[in-house]
Amino acid sequence: MSISKIFSKPNIAKYLTRGAGITALGLVGYDAHIVGKLQADSYAKRKDADACMKTFSNTQYLSSPSTTTSDMKKVVNKFEMDSNFRHFVNSAIGYFKGFGQMLINEVIPFGLGLGACFAKGWKGKASAAGLGIYAGIKLFKDVLGFGHYNDLNRKY
């Protein structure tokens, strides 16, 4: 393959389109991964705390006076406090919830990135152009703060 074929006009447009799509998918995937990690930690800790509180609350009362029942309830509570299997499972659940939530929140750049990566012809170029427009709007509105009303930092 000669160098002139690689740098011909149709190939440059194709590579720029695919590059824009890959970049968009990479950025959305990175953000989704970070939100998934944060959600995994908070979800697992919340569920662990709920389970520990439930077993501890159960140790605070007896339906009939029994030392054996009280000791068994304390053993169950200690087992629940020392167990980390629940944390492992809830961490995975929380990660996938956070990852999916971020993909849903960023559905526009995700869809345009898929279109730019995998669509052929004018559809891929239109997706790449849409990514450029979306990136420009995001830059001016969210990054630079133009056109974004801020209640906490009013001028008057």
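Each chain has its residues counted from 1, following the order in which its sequence is written. In keeping with the predicted nature of the model, local features appear solely for residues at pLDDT of at least 70, side-chain atom pairs appear and are counted solely at 80 or more, and the whole-chain, interface and lining totals rest on all residues. The basis for every side-chain value is the complete set of heavy atoms in the structure, and neither hydrogens nor water enter the calculation.

K.L.:
Sorry, what's going on with the overall build of the protein here?
P.N.:
Labels follow the DSSP assignment, with helices taken as runs of H or I lasting at least four residues and strands as runs of E lasting at least two, numbered in each case from the N terminus. The secondary structure content of the protein amounts to six helices and zero strands. Along the protein, from the amino end to the carboxyl end, the secondary structure elements read α-α-α-α-α-α. Burial status across the protein gives 22% buried among its 156 residues. Contacts between residues were defined by any pair of non-hydrogen atoms, one from each residue, lying within 4.5 Å. Sequence-distant contacts in the protein: of pairs separated by 6 or more residues, those separated by 24 or more amount to 70%. The Shrake-Rupley method, run with a 1.4 Å probe, gives the accessible areas here. Residue values count only the displayed protein chains as cover. Accessible area of the protein: about 11700 Å², with a carbon and sulfur share of 66%. Each residue is assigned to one of three classes by its accessible area relative to the maximum for its type, calculated with a 1.4 Å probe on protein chains only: buried under 20%, partly exposed between the two thresholds, exposed over 50%.

K.L.:
Explain helix H4 (residues 85-105) to me, please; I cannot follow it from the model alone.
P.N.:
Residue pairs three or four apart in sequence face the same way in an α-helix, which turns once every 3.6 residues. Its 21 residues give H4 an end-to-end C-alpha distance of 30 Å, which sits within 8% of 30 Å, the value for a rise of 1.5 Å per residue. Within the span of H4, buried status applies to Asn90, Gly94, Gly98 and Met102. Seen end-on, H4 carries its buried residues on one side only, within an arc spanning 100°. Seen from the open side of H4, the exposed residues pointing more than 90 degrees away from its buried face are Phe85, Phe88, Phe96 and Ile104. Expected span, for any helix, means 1.5 Å times one less than how many residues it has. The directions from the helix axis to the C-beta atoms form the arc being described.

K.L.:
Honestly, the environment of Thr23 in this entry has me stumped. Any pointers?
P.N.:
Within the secondary structure, Thr23 sits in helix H2 (residues 9-59). Put simply, Thr23 and Gly113 are 90 residues apart on the chain and 7.7 Å apart in space, counted from C-alpha to C-alpha.

K.L.:
I keep staring at the side chain of Thr59 and nothing clicks. Help me out?
P.N.:
Structurally, the position occupied by Thr59 is in helix H2. Judged by its relative accessible area of 17%, Thr59 falls in the buried class. Think of a polar contact as two N or O atoms within 3.5 Å of one another; within protein, one of them needs to be a possible hydrogen donor and the other a possible acceptor, and neighboring residues in sequence only count if both atoms come from side chains. Within the structure, Thr59 has its side chain in polar contact with the backbone oxygen of Phe56 (distance 2.5 Å).

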